[in-house]
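Each chain, letter by letter, is given below.
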Amino acid sequence: MKLSLGFSPCPNDTFIFDALVNKKIDTAGFEFEVILEDVETLNEWALQGRLDITKLSFPAFFQSSGEYVLLNSGSALGKGVGPLLISRSGITNEEKIDHASIALPGIHTTANLLFSFAYPNAVNKRFMIFSCIEEAVLNGKTDFGVIIHENRFTYQQKGLYKVKDLGEYWEQKMNAPIPLGAIAIKRRSGVAAEKINALIKQSLEYAYSNYPIITDYVKQHSQEMSEEVMRRHIDLYVNNYSLDLGAHGKQAIETLHDVYKQSGAKTVSAHSLFL
C-alpha cells in the first residue's frame, strides 16, 4: 500500500521520519511518497485534502478534522517550545504592537493563533515563510516578527531582541503545554491508521536509540545549520509527547481547540479529533 506523506525539512521532522522513509525499520508493506515542504504549504494542502498523511499546524488540523484524524505519535507539543515575538529593539511599549506591522509564518499556524491570543487587537499582520521573518524585521519591512523553528536559536546573533515568549504566555494563562504541530492521517485510511501510528512511533524509537548521532538524512535537509543547532532543535521539539500524546497531551490540544473556537475561526466539531 502506497501513501503520500508530507512533513517539513526541519530537524525534528526528519529525525522522527528518517527510519520510516529510509526503511531502517520494517515498514510492514507500506510504501511512502515523501514530500518535504514548509509547514504553511502543508497547512494549505491539508485544507485541500491533498496528502494521505501530513504534518500540519494545529489550527489547520482543526479546520480539516472532518478529513483528517490526529495520530498519537509524531506531533510536537511541550513547554518552553513556543514562538517568540521579536523586534530590532529590546525596549518596546506593548500598546504599540496593536498598531504595528507583524511578520508571521502563515495564517494557519499555531504561531499566528498564539500571537492573536496574546494580542487580540493587533491587525496589521503580514504572512511569509518562517525563514524570511528575521530579515524582514532586520530590514525594517515589519516592526515585529514571530519566529519559530531554528530561528529561536539564531535571532540574538543577528542583533534582534525578544519582546515576548508567546509560548510562555500561553503556559502561564492556560496551565497547559503548547500544541505546535500535528501528524494527521486521512480518516478513510481505516485500519491503516493504527499501523501507521505504530510505524511512526517505531521510527522515532529507532532515532532515539542512535541519538545524539545526527544522520545524513537530517543533515542534508538542515541547510547551513550546525550540528549543535540541529540537536538543540531536536531536543526542544521532540519529546515524550512525540512518542505518544497521552491524556495530558490530548487535554492540551482540546484546550487549544477551545481557544480556537472562541476566536470565531472555522472549525469542524462533528468528529473526534483523535485516533
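Every chain begins its residue count from 1, and numbering advances along the sequence as written. Owing to the predicted nature of the model, reporting of local features is limited to residues with pLDDT of at least 70; listing and counting of side-chain atom pairs is limited to 80 or more, with chain, interface and lining totals taken over all residues. The side-chain quantities take in all heavy atoms of the structure and omit both hydrogens and water.

Student: Hey, could you run me through empty space enclosed by the protein in this one?
Tutor: Where empty space is left in the structure can be found by rolling a water-sized probe over the atoms. Think of a 1 Å grid over the protein atoms and nothing else: a 1.4 Å probe that fits but is trapped marks a cavity, an open set flanked by protein within 12 Å on at least five of seven lines marks a pocket, and residues with an atom within 4 Å of a point count as lining. Grid points are joined across faces, edges and corners, and a volume is the space filled by probe spheres set on the points. Counting across every chain of the model gives one cavity of 30 Å³ or more. Here the largest cavity is characterised by a volume of approximately 230 Å³. Around the largest cavity, the lining comprises 19 residues; the ones closest to its centre are S57, I148, H149, L180 and G181. The helix count covers DSSP runs of H or I at least four residues long, the strand count covers runs of E at least two residues long, and both are numbered beginning at the N terminus. Breaking the lining of the largest cavity down by element, the ones donating at least two residues are helix 1 (11–21), strand 3 (53–57), helix 4 (110–118) and strand 11 (178–186). For this scheme, ten residues count as nonpolar: Ala, Val, Leu, Ile, Met, Phe, Trp, Tyr, Cys and Pro. Four count as charged, namely Asp, Glu, Lys and Arg, and the remainder, Gly too, count as polar. In the lining of the largest cavity, the residues fall into nine nonpolar, eight polar and two charged.

Student: I keep staring at the layout of surface pockets and nothing clicks. Help me out?
Tutor: Of the pockets and cavities examined, the largest pocket occupies roughly 480 Å³. As for the largest pocket, its lining consists of 18 residues, and the residues nearest its centre are E150, N151, S222, Q223 and M225. Of the voids in this model, the second largest pocket is the one considered here, and its volume is about 280 Å³. Lining the second largest pocket are 15 residues, and of these L113, S116, Y260, S263 and A265 lie nearest its centre. Within the residue set of the lining of the second largest pocket, elements represented by two or more residues are helix 3 (58–63), helix 4 and helix 11 (246–262). By residue number, the principal contributor to the lining of the second largest pocket is helix 4, which donates four residues. Here the lining of the second largest pocket is built from residues that sort into seven nonpolar, seven polar and one charged.

Student: Can you help me understand the packing of helix 4 against helix 6 (residues 166–174) in this one?
Tutor: Any two packed helices are characterised by the angle at which their axes cross and by the distance between the axes. Every angle, taken between N-to-C directions, lies between 0 and 180 degrees, and every axis is a line fitted to C-alpha atoms, over only the stretch in contact when it is a helix. Packing of helix 4 against helix 6 brings their axes to within 10 Å, and their N-to-C directions diverge by 60°. Considering the angle they form, helix 4 stands oblique to helix 6. In terms of crossing hand, the pair formed by helix 4 and helix 6 is left-handed. Contacts between helix 4 and helix 6 involve L114, F115, F117 and A118 on the former and, on the latter, L166, Y169, W170, K173 and M174. Class assignment for the residues of the contact of helix 4 with helix 6 results in eight nonpolar, no polar and one charged. Oblique is the label for any angle not under 35 degrees, not over 145, and not in the 65 to 115 range, which are roughly parallel, roughly antiparallel and roughly perpendicular in turn. Helix crossings get a hand from a simple test, with the near helix turned counterclockwise from the far one by less than a right angle marking a left-handed crossing and a clockwise turn marking a right-handed one. Any two residues having at least one pair of non-hydrogen atoms within 4.5 Å are treated as being in contact.

Student: What is the right way to read the pattern of salt bridges from this model?
Tutor: Once the charged atoms of two side chains with opposite charge are near each other, the side chains can pair. Here, a salt bridge means any Lys or Arg side-chain nitrogen found within 4 Å of an Asp or Glu carboxyl oxygen. With the rule as written, the count across this model stands at nine salt bridges. Notably, a salt bridge pairs E67 with K186, separated by 3.7 Å at the nearest N-O pair. Here K186 lies in strand 11 and E67 lies in the loop between helix 3 and strand 4 (68–70), a separation of 119 residues in the sequence. Per-residue accessibility, obtained with a 1.4 Å probe over protein chains only, is compared with the maximum for each type, and a residue is labelled buried under 20%, exposed over 50%, and partly exposed between these values. Classification of E67 as partly exposed rests on a relative accessible area of 34%.

Student: What is the right way to look at unusual backbone geometry in this model?
Tutor: Most peptide bonds take the trans form, and the phi angle of most residues other than glycine is negative. Of note, the bond from Y211 into P212 is cis; its omega dihedral lies within 30 degrees of zero at 20°. Positionally, P212 belongs in the loop between helix 7 (192–210) and helix 8 (216–220). Its identity is not glycine, yet A28 carries a phi of approximately 55°, on the positive side. Relative to the helices and strands, A28 is located in the loop between helix 1 and strand 2 (31–36). Looking at A28, the relative accessible area reads 54%, which means it is exposed.

Student: What am I meant to see in helix 9 (residues 227–237) here?
Tutor: For an α-helix, the turn length of 3.6 residues means that residues three or four places apart are oriented alike. Every buried residue of helix 9 is accounted for by V229, M230, H233, I234, L236 and Y237. One side of helix 9 holds all its buried residues, which, seen down the axis, span an arc of 165°. In helix 9, those exposed residues whose orientation departs by more than 90 degrees from the buried face are E228 and D235. Those residues of helix 9 that are buried lie in contact with helix 1, strand 5 (76–78), strand 11, helix 8 and helix 10 (240–243). Directions are taken from the helix axis to each C-beta atom, and the arc is the one they span.

Student: Please explain the packing of aromatic side chains as it appears in this structure.
Tutor: Note on aromatic pairs: the rings of Phe, Tyr and Trp (six-membered ring only in Trp) are paired at centre separations within 6.5 Å, and the planes decide the class, stacked below 30 degrees, edge-to-face beyond 60, tilted for the rest. Considering all chains together, one arrives at eleven aromatic pairs under this definition. Pairing F61 with F62 gives two aromatic rings, centres 6.1 Å apart and planes at 50°, and the pair type is tilted. Between the aromatic rings of F62 and Y260, the centroid separation amounts to 5.4 Å while the plane-to-plane angle is 50°, which identifies the pairing as tilted. Of this pair, F62 sits in helix 3 while Y260 is found in helix 11, placing the two residues 198 residues apart along the sequence. Judged by relative accessible area, which is 0%, F62 ranks as buried. Within the aromatic cluster, the residues linked to one another by ring pairs are F58, F61, F62 and Y260. A cation over a ring is seen here: R50 above W45, with NZ or CZ 4.1 Å from the ring centre. Put simply, a charge is over a ring when the Lys NZ or the Arg CZ is close to the ring centre, within 6 Å, and near the line of the ring normal, within 35 degrees.

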